[in-house]
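# Structural features, examined
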Amino acid sequence: MKRKPLTTVVSYPERGPWGDQKFRGNCSGHLVVDLCCYLAPASVLDPMEGSGTTRDVCRELGIEYAGFDLASGMNEDVFARPWEDRRFDLVFCHPPYADMIPYGKSEQCLSTVKPRNFGAVLVAIADLLLNEAVADGGHLAILIGSLRRGGKVWAFNRDLIQWREPSEPEIIKVQHNVASASTRTGMLYGNRFIPIVDERVLIWRK
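Residues numbered from 1 in each chain as written. Predicted model: local features only at pLDDT ≥ 70, side-chain atom pairs only at ≥ 80, totals over all residues. Heavy atoms only, no water.

## Description of the overall build of the protein chain
If you tally the helices and strands in the protein chain, you get five helices and nine strands. When its helices and strands are written in sequence order, the protein chain yields β-α-β-α-β-β-α-β-β-β-α-β-α-β. At a minimum sequence separation of 6, the contacts of the protein chain that also span at least 24 residues come to 67%. If you sum the accessible surface of the protein chain, you get close to 11000 Å²; carbon and sulfur atoms cover 49% of it. (Helix = DSSP H or I, 4+ residues; strand = E, 2+ residues; numbered from the N terminus. Contact = heavy atoms within 4.5 Å. Areas by Shrake-Rupley, 256 points an atom, 1.4 Å probe, with all protein chains shown as cover.)

## Details of the packing of helix α1 (residues 29–39) against helix α2 (residues 53–61)
For the pair α1 and α2, interaxial distance at closest approach is 9 Å and the crossing angle is 50 degrees. Here α1 is positioned oblique relative to α2, judged by the angle of their axes. The hand of the α1/α2 crossing is right-handed. Residue-level inspection shows Gly-29, Val-32, Val-33 and Cys-36 of α1 in contact with α2, the latter providing Thr-53, Thr-54, Val-57 and Leu-61. A class-by-class count of the residues in the contact of α1 with α2 yields five nonpolar, three polar and no charged. (Axes fitted to C-alpha atoms, helices over the stretch in contact; angles between N-to-C directions. Parallel < 35°, antiparallel > 145°, perpendicular 65-115°, else oblique. Left-handed = near helix turned anticlockwise from the far one by under 90°. Nonpolar A, V, L, I, M, F, W, Y, C, P; charged D, E, K, R; others polar.)

## Regarding the nonpolar core
In this structure, Trp-83, Leu-129, Leu-140 and Leu-160 are the most contacted members of the largest nonpolar core, which totals 52 residues. Considering each element in turn, this core owes the most residues, eight residues, to helix α3 (residues 115–132). Aside from chain neighbours lying at most four places away, what touches Trp-83 is Leu-45, Phe-68, Val-78, Phe-88, Leu-128, Leu-129, Glu-132 and Ala-133. (Core = buried A, V, L, I, M, F, W, Y, C linked by side-chain atoms within 4.5 Å. Buried < 20%, exposed > 50% of the residue type's maximum accessible area, 1.4 Å probe, protein only.)

## Quick look at the environment of Arg-149
Along the chain, Arg-149 turns up in strand β6 (residues 146–149). Between the C-alpha atoms of Arg-149 and Pro-115, which are 34 residues apart in sequence, the distance is 8.7 Å.

## Overview of the environment of Ile-142
Within the secondary structure, Ile-142 sits in strand β5 (residues 134–144). Apart from the residues within four sequence positions on either side, Ile-142 is in contact with Cys-93, Pro-95, Ala-126, Leu-160, Arg-200, Val-201, Leu-202 and Trp-204.

## Points about the packing of α3 against helix α4 (residues 156–163)
Interaxial distance between α3 and α4 falls to 9 Å at its minimum, and their mutual angle equals 45 degrees. It follows that α3 is oblique to α4 by the angle criterion. Where α3 crosses over α4, the handedness of that crossing is right-handed. Along the contact surface, α3 presents Pro-115, Phe-118, Gly-119, Leu-122, Val-123, Ala-126, Asp-127 and Leu-130, while α4 presents Phe-156, Asp-159, Leu-160 and Trp-163. The residue inventory of the contact of α3 with α4, partitioned by class, reads nine nonpolar, one polar and two charged.

## Describing unusual backbone geometry
One can expect most non-glycine residues to show negative phi and most peptide bonds to be in trans. A positive phi angle, close to 50 degrees, is found at Ala-40, a residue other than glycine. On the basis of relative accessible area, Ala-40 is assigned to the exposed category, the value being 59%. Residues other than glycine seldom take positive phi values, yet Glu-84 does so here, at roughly 60 degrees. Here Glu-84 is to be found in the loop between β3 (64–67) and β4 (88–93).

## Observations regarding the pattern of salt bridges
Scanning the model with the defined rule gives eight salt bridges in all. The salt bridge partner of Asp-85 is Arg-81, with a shortest N-O separation of 3.9 Å. Exposure remark for Asp-85: the relative accessible area of 66% places this residue in the exposed category. A salt bridge links Arg-81 to Glu-132, with the shortest nitrogen-to-oxygen separation between them at 2.5 Å. (Salt bridge = Lys/Arg side-chain N within 4 Å of Asp/Glu carboxyl O.)

## Thoughts on the confidence of the model for the protein chain
Confidence in the prediction of the protein chain, expressed as mean pLDDT, is 84, and 79% of residues score 70 or more. Note on residues 181–188: pLDDT under 50 across the span, and six contacts to partners over four residues away in sequence or across chains. (pLDDT = per-residue confidence, 0-100.)

## Considering α1
For α1, a buried count of nine out of 11 residues is recorded, marking the element as mostly surrounded by other parts of the structure. Taken residue by residue, α1 has Gly-29, His-30, Leu-31, Val-32, Val-33, Asp-34, Leu-35, Cys-36 and Leu-39 as its buried positions. Buried residues along α1 sit against β2 (43–46), α2, β4, β5, β8 (171–174) and β9 (198–205). Capping the start of α1 is the job of one residue whose side-chain oxygen sits 3.1 Å from the backbone nitrogen of His-30: Ser-28. A positive backbone phi angle near 50 degrees is found at Ala-40, which sits one or two residues after α1. (Polar contact = N/O pair within 3.5 Å; in protein donor to acceptor, adjacent residues only side chain to side chain.)

Pasting the structure below:
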């Protein structure tokens, strides 16, 4: 598949045919395609697959895939290691951004975690995935955003960088159709804040 080279800024106005477009918070499959084209994994794990965007991309690219999600009826979260003893060339993880979007009410669901506690949980997940899911020489890629609440911005990518320096430059992913960036929202709040219109991709090599 011929693609433009992956750079430190990516923008995908159209999310593509992968996954369910109605699933709120779904990332563009174009990002997963670009990561796979750059890292060339033979196997991929998505431990929070949502509507199956990564699954659909891997099917199209002919890459071995495993994916799990509480939304799919799983009774265990990522800390239960549902992939068991398998190891993968690429683990792609796009977690909820704390309780920004509620996906479930179970304590196992990350969307029930408050922002003040989310950074520590996110780091624990990253450490687990890198050490117990990524194959030697493989990569962990996490797509994460920021959250504004009560006048405070929670930039969760900073928690991950403090945990471990990424192996690749941080990738800025431009967000599209973001509610906080709309003209209506700006009018309501009198343009008193800078809208968050990006997410970050962090990559570590094992």
